[in-house]
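Close look at the chain arrangement
The lines below spell out each chain.
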Amino acid sequence: MDKTSYDAIVVGGGLAGLMAAHEIAVSGYKVAVISKVFPTRSHSSSAEGGIAAYIQGNSDPNDDPQYMTYDTVKGGDYLVDQDAAELLSMKSGEIVRIMESWGTLFNRQPDGRVAVRYFGGQTYPRTRFVGDKTGMALLHALFQRVSGLNIDFYNEWFALDLIRNDKKIVGLVAMEMKSMEPTFFKTKAVVMATGGMGMLYAHSTNAYINTGDGYGMALRAGAALKDPEFVQFHPTALYPSDILISEAARGEGAILKNNKGERFMTKYAPKKLDLAPRDIVSRSIITEVKEGRGFPGGYVGLDLTHLGEEYIKERLALAYEAALNFAGVDATKEPIPVRPAQHYYMGGIDVDITGTNYDLIGLFAAGEAACVSVHGANRLGSNSLLETLVFGRETGKTVVKFLSSANESSESLDKEAEKIVDEAYSFTKSESGVHFGVVLNKLRETMWENIGIFRDENGMKTGLSEIIKLREMAKNMYVTDKSKTYNTEFFNALELRNMLDLALVIANAAINRTESRGAHYRTDYPERDDKNWLKHTIAYLRGNTVEIGYKPVKITKWQPEARVY
Amino acid sequence: MSEKEQEIVVKIKRFSQDKGNYWQEYKVNVDRFTQMTEVLRRIKTEQDPSLSYRASCHMAVCGSCGMKINGEPRLACKTLALDIVKKYNSNVITLEPMDYFQPIKDLVVDLDDFYDRMFKVKPRLYPDKEVLEGKAEQRLKPEDQRELWKFEQCIWCGLCVSGCPSVRNDPEFLGPAAHAKGYRFLADPRDTIYEERLKILIDSSWRCTYCYQCFNVCPRDVEPVTTIKKTRAHTRFLKDRSAVAEIGEKHIEAIEESIKDSGMIKEAEVYLKTYGVIASLTDLIYAFQNGKLKYAFVKEMKVKNMDQIRKIMGD
Ligand SMILES: Cc1cc2nc3c(=O)[nH]c(=O)nc-3n(C[C@H](O)[C@H](O)[C@H](O)COP(=O)(O)OP(=O)(O)OC[C@H]3O[C@@H](n4cnc5c(N)ncnc54)[C@H](O)[C@@H]3O)c2cc1C
Ligand code: SF4
Ligand code: SF4
Ligand code: FES
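Let us look at the structure shown here. Just so it is clear, the model here is predicted, and its values are computed rather than measured.

The rules behind each value
Residues numbered from 1 in each chain as written. Chains lettered and ligands numbered in written order. Predicted model: local features only at pLDDT ≥ 70, side-chain atom pairs only at ≥ 80, totals over all residues. Heavy atoms only, no water. Phe/Tyr/Trp six-rings, centres within 6.5 Å; stacked < 30°, edge-to-face > 60°. Helix = DSSP H or I, 4+ residues; strand = E, 2+ residues; numbered from the N terminus. Buried < 20%, exposed > 50% of the residue type's maximum accessible area, 1.4 Å probe, protein only. Lys NZ or Arg CZ within 6 Å of the ring centre and 35° of its normal. Near = heavy atom within 4 Å. Nonpolar A, V, L, I, M, F, W, Y, C, P; charged D, E, K, R; others polar. Pairing = 2+ DSSP bridges. Axes fitted to C-alpha atoms, helices over the stretch in contact; angles between N-to-C directions. Contact = heavy atoms within 4.5 Å. Polar contact = N/O pair within 3.5 Å; in protein donor to acceptor, adjacent residues only side chain to side chain. Areas by Shrake-Rupley, 256 points an atom, 1.4 Å probe, with all protein chains shown as cover. Salt bridge = Lys/Arg side-chain N within 4 Å of Asp/Glu carboxyl O. Core = buried A, V, L, I, M, F, W, Y, C linked by side-chain atoms within 4.5 Å.

A full pass over the atoms with the stated rule returns 34 aromatic pairs over all chains. Seen in terms of ring centroids, Tyr-299 of chain A and Phe-33 of chain B are 6.4 Å apart; in terms of plane orientation they differ by 85°. Their pairing is edge-to-face. Pair noted here: Tyr-299 of chain A is in the loop between α8 (278-290) and β12 (300-303) and Phe-33 of chain B is in the loop between β2 (20-30) and α1 (36-47), and the two residues belong to different chains. Here Phe-33 of chain B falls in the buried class, since its relative accessible area comes to 0%. Here the aromatic rings of Tyr-115 of chain B and Trp-156 of chain B are separated by 6.3 Å at their centres, their planes lie at 40°, and the arrangement is tilted. With Tyr-115 of chain B in helix α3 (residues 112-120) and Trp-156 of chain B in the loop between α5 (142-152) and α6 (159-163), this pair connects stretches of sequence that are 41 residues apart. Taken as a pair, Tyr-115 of chain B and Trp-156 of chain B share a single burial class, namely buried. Taken together through their ring pairs, the aromatic side chains of Phe-38, Phe-143 and Phe-153 of chain A together with Tyr-100, Phe-101, Phe-114, Tyr-115, Phe-119 and Trp-156 of chain B make up a single cluster. The lysine or arginine in question, Lys-30 of chain A, covers the ring of Tyr-6 of chain A, its NZ or CZ lying 4.6 Å from the ring centre. Positioned above the aromatic ring of Tyr-521 of chain A, the side-chain terminus of Arg-283 of chain A is 3.7 Å from the ring centre.

Take a look at the structure:
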């Protein structure tokens, strides 16, 4: 097996990974970025609405980072670590300034300064944006910036697993997709910036590549996930492609209707109606569909027609275009077909505000792969892009500090590396049996049905036993394609392994938390229970069992109060 | 909202090192909402896991899924199966890898050449030192932001390069996407390496044949050819001109003459005057093959608005 060596390896070429790599590279350390897709294809490119930032002198005069922290803490249903939220708010202006200086084409005010708009859950408008393609604009600007630095990019390389020596990370094995050749990357530090896991759910707004690989790798290496039960669902994803139709549509007056043409939100949220919080609207839509008032295929209509063609095209251009391009629906004439879909993962690799994981020396994480805990039980819109950059940068800086005193392991661990490759292949070694698609489709349905928007003990236990069955079944997975170049069937099988490991952890943690908080909603425990559950879940995967422990939530200033809007 | 399903036949041009090129057929039920990426996903997870293709965002922003659909360069996710059925009046849809790039496996092509082109134009802002250090703030007029954003929206999909006749013909030509990217920074008032950029871009900008293929295929309406036109207008700012740039100047003269003579842009005539008979003939053959000759004719119309023409010419 080929071998190479770096001071640090960043897995993931999205916003979080590239920002971490930037910090490490400008400090003069030798760093590589490994990504299973060319960096600009990362999921960060899909983000639409914007990035939240308090900018001194360019924000509402009454606003203050304190308010921003408060909004974030409350939005996250008090499961947020408040020191993390404070850091996020304090650094938000600086990160936007940096991205601007690197060429991000933020929309402007007439005086040439970065413009701002209002987003749900904000006391004052704070969202900075580039049209409706903020993620794409940021990702391209950042990628273009780092492509001029001394960083080795391994694009279309698939990371298989971490290698550790006792409690210390010593490297990882990744495979070039084009040649299918594995390489042992020796290193002192690994930053996991592998993004989210939307493909675990039958319906998700995420990219096809979001398969939770980083969580799987971290779990198998012995690191914990924090708050794995918290999965965010967005109420209005376009049917059937699950492309996000922004909350802005309902903000402008769009109305949800069932197959009888009824405005059903009058039943579920008589005051807030269609603008009730994401979780409530999602639950309402699912109820309508389950009770037979959805359309065949399982969706409801988002009606804009009463707003008039001119208004729609001017104010809701993106919703209009998405419906037209991806569902063939003219939103000026008929309702847009929508249904809830998985949208974001609040859980992730357990790290603190420096990006450090304390299970393994040399393991760091940032972005959606990590749980610093700025989002708690429920993420606010436009806080995630901010998190990727702020904590990507913090983590990069932490790695630089770490490297100044870390030394390379002298032990030869070539055997370990071989073992990882063998395991990957053994997993798919059978000559007949099921192929990945069969297991994958079942897993996605199970997660959606049983560990989704509505949860209860019976349903989740059924789901868990199905996951256990599927994990067994996958051991005999059969890869039909024997090709030695760009064998995506093999990689899809490996992704599925990661998804199954993560699913097992999510199911266990969700069954364990007997309360409702933020996105974790249990019909059998519908109330938030601060007395017993104001704490983080810490979950380890040990073979086939999940070990659950707890960590206190860091509270600096804001004591829990009821989350009413 | 009707949910009528219809069966389509998907014929995919496959490739592997062992088996070479071959065609394979699949049958898939689709409704009017089904994107071609979804068709591919269903084939891979339900029928034939060995099929390889690239797709990520399924919303036309990541640039992964470029391919030829019924011979047209398109993004698979931005293409609804039944729209193609309607357009071609047939339920058979063919999928092929993008032209020009080497196939690696099935619909996956090698994009290294494309990325090399993009990196050649130094695709990043070089701002003032003070700004980089956070000691000064840079502002941007809203109208400049709008103009630049149009060209910055390239998603690196490669479709325009795969269809560009000049890229195939002329190894010195940077290609449409790289020109769009290069111009985006050339025109950015915050950038500090104008001279260097000009040197990279000018010569190449005169190697485009204005066939408009890039304009037609770009899924983000970047209009690479527009950036090439705009770049050419900067030729006069360059001190040492190369042979190609000299030819370019001749091109402008020829156009001016043509307009003076007839009040029309006789593209073909101008072309001949500029490049000579042999070069023009080879280009014509390419234009023909690409079905693009029609654009040469479209443009031979009476000029109504001389101001507009001057604008296009970069005055
Ligand atoms: C439709 C949509 C809209 C959104 N809009 C907004 C918004 O407006 N504002 C906001 O703040 N947030 C938004 N979000 C959330 C936000 O976009 C994401 O949380 C964020 O971009 C994640 O960035 P990341 O850097 O952590 O990961 P990603 O950008 O997902 O990058 C992950 C990287 O890891 C790599 N990788 C993964 N596995 C492997 C492996 N095994 N081997 C090698 N490489 C691997 C991938 O190739 C990729 O480069 C939105 C999300 C969605 C779904
Ligand atoms: S107009 Fe120029 S750049 Fe565009 S495809 Fe034609 S030759 Fe290529
Ligand atoms: S200019 Fe358009 S077609 Fe060309 S690579 Fe960019 S997005 Fe694709
Ligand atoms: S899948 Fe991203 S552009 Fe088509």
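Near ligand 2 there are 13 residues, and of these Cys-164, Ser-166, Cys-208, Cys-211 and Cys-214 of chain B occur at the shortest range. Looking at the shell around ligand 2 residue by residue, the classes come out as 10 nonpolar, 3 polar and no charged.

All names here are of chain A. Within the open sheet, the 4 strands sit side by side as β10-β13-β12-β11. Their pairing is antiparallel. Strands with a single pairing partner mark the edges of an open sheet, and in this sheet they are β10 (231-238) and β11 (255-257). The mean inter-strand angle of the sheet, taken between neighbouring strand axes irrespective of direction, is 45°. Two strands pair when backbone bridges link them, and β11 and β12 are joined in this way by 3 bridges, in the antiparallel orientation. Considered in β12, the bridge of Leu-256 is made with Leu-302. Where α8 meets the sheet, its contacts fall on β10, β11, β12 and β13 (336-345), and the angle it forms with β10 comes to roughly 60°.

Residues and elements named next belong to chain A. In the vicinity of ligand 1 lie 39 residues, with Ser-42, Ser-44, Glu-368, Ser-384 and Leu-385 positioned nearest. With respect to ligand 1, the backbone of Ala-159 contributes an N or O atom lying 2.9 Å from a nitrogen atom. Burial of ligand 1 by the surrounding chains reaches 98%, relative to a free accessible area of 1,000 Å². Secondary structure elements with two or more residues in the shell around ligand 1: α1 (15-26), β2 (31-35), β6 (157-165), α5 (213-221), β13 and α11 (384-403). Taken together, the residues of the shell around ligand 1 break down into 14 nonpolar, 20 polar and 5 charged.

Attention shifts here to the pattern of salt bridges. All names here are of chain A. Evaluation of the coordinates by the stated rule reveals 66 salt bridges over all chains. When the shortest N-O distance is used, the salt bridge between Asp-71 and Arg-126 registers 2.9 Å. With Asp-71 in helix α2 (residues 65-75) and Arg-126 in the loop between α3 (82-101) and β4 (127-128), this pair connects stretches of sequence that are 55 residues apart. Residue Asp-71 is classed as buried on the basis of its relative accessible area of 6%. One salt bridge connects Lys-461 with Glu-457, and the closest N-O pair in it is separated by 2.8 Å.

This part covers the nonpolar core. Ranked by internal contacts, the top residues of the largest apolar core, which has 248 residues, are Leu-172, Tyr-201 and Ile-336 of chain A together with Ile-8 and Leu-95 of chain B. Counting residues per element, this core draws most heavily on helix α15 (residues 488-512) of chain A, at 15 residues. Beyond its immediate sequence surroundings of up to four residues, Leu-95 of chain B is in contact with Val-10, Lys-11, Ile-12, Lys-13, Trp-23, Met-36, Leu-40, Met-67, Lys-68, Ile-69 and Leu-107 of chain B.

So, about the sheet that holds β2 of chain B. Residues and elements named next belong to chain B. Reading across from one edge, β2-β1-β5-β3-β4 is the order of the 5 strands in this open sheet, with mixed pairing throughout. Each end of this open sheet is capped by a strand with a single partner; those strands are β2 and β4 (72-75). Pairs of neighbouring strands in the sheet enclose a mean axial angle of 30°, with direction left out of account. Bridging between strand β3 (residues 66-69) and strand β5 (residues 92-96) involves 2 bridges; their strand directions are antiparallel. Within the sheet, the bridge partner assigned to Ile-69 lies in β5 and is Leu-95. This element, α1, spans β1 (6-16), β2, β3 and β5 of the sheet and lies at about 100° to β2. Across the sheet, helix α2 (residues 81-88) is in contact with β1, β2, β3, β4 and β5; its angle to β1 comes to roughly 95°.

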